[in-house]
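Reading the structure
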Amino acid sequence: MTETQLDDQGRTEPPLAADEAATLTGFLDFQRGTLEWRTRGLSEEDLRRSLEGHPSGMTLGGLLKHLAYVEDYWFSEVVGGREDVQPWAGVDWEADNDWEWHSAAEDTAADLRALWEASVERSRAVVADRLGDLGATSPAWGGRADVSLRWVLTHMIEEYARHNGHADLLREVIDGQTGE
């Protein structure tokens, strides 16, 4: 067993030589650690700040809430087969399909972090239960297709990596801190 290595920002380094499951979960945890780092120590005002003059209105608080939702959707609902949990269960997605992005401005920094952390922990529990068979599939997109746990893990690495690029830009605007 290899010892866990942390980088200068406190993120767990992915293993350099491990099996497929450890490599995928290692890279996903590194990406999760990057989001935690980019949002660490910020106030509610900072988490609500968007790029001035940019039409998307994307915020770091919105990223936390969006990624909490994506964690719950892919791991708890799709892979785990569980029902929606709150706050997602009560959302009228047809009225606002970007609800998680828009509603984040109403949440405290502590609530956003707690929501994201709880979603990540639920996801880790689902993955731990199913990690022995990366090829096992689950119905997704309302039953239109089946996806493997391998696909979900890879998709989540991509999802975090893309949004961590956004987080780098937003954090630099807030306080000048840059990422790698």
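What you see is a predicted model; the values in this text were computed from it and never measured.

Right, let's talk about the overall build of the chain for a bit. A tally of helices and strands in the chain yields 6 helices and 2 strands. Ordered by position from the N terminus, the helices and strands of the chain form the series α-α-α-α-α-β-β-α. Taking 180 residues into account, the globule formula puts the C-alpha radius of gyration at 16 Å, and the chain, at 17 Å, falls close to it. For the C-alpha atoms alone, the extent of the chain along its principal axes is close to 45 × 40 × 25 Å. Only carbon and sulfur atoms are counted for the fraction: they give 49% of the accessible area of the chain, which is about 9,600 Å². If the 16 positive side-chain charges of the chain are averaged to one point and the 36 negative ones to another, these points end up 1 Å apart.

The next point concerns the packing of helix H1 (residues 20-39) against helix H6 (residues 149-175). Between H1 and H6, the least distance of the axes is 9 Å, while the angle of their chain directions is 25°. Of the possible angle classes, the one that applies to H1 and H6 is roughly parallel. The two elements H1 and H6 cross, and the hand of that crossing is left-handed. Residues Glu20, Leu24, Thr25, Phe27, Leu28, Gln31, Arg32, Thr34, Leu35, Trp37, Arg38 and Thr39 of H1 form the contact with H6, whose participating residues are Arg150, Leu153, Thr154, Met156, Ile157, Tyr160, Ala161, Asn164, Ala167, Asp168 and Arg171.

The rules behind each value
Residues numbered from 1 in each chain as written. Predicted model: local features only at pLDDT ≥ 70, side-chain atom pairs only at ≥ 80, totals over all residues. Heavy atoms only, no water. Helix = DSSP H or I, 4+ residues; strand = E, 2+ residues; numbered from the N terminus. Rg over C-alpha atoms; globule rule 2.2 N^0.38 Å. Areas by Shrake-Rupley, 256 points an atom, 1.4 Å probe, with all protein chains shown as cover. Lys, Arg positive; Asp, Glu negative; His and termini not counted. Charge placed at Lys NZ, Arg CZ, Asp CG, Glu CD. Axes fitted to C-alpha atoms, helices over the stretch in contact; angles between N-to-C directions. Parallel < 35°, antiparallel > 145°, perpendicular 65-115°, else oblique. Left-handed = near helix turned anticlockwise from the far one by under 90°. Contact = heavy atoms within 4.5 Å.

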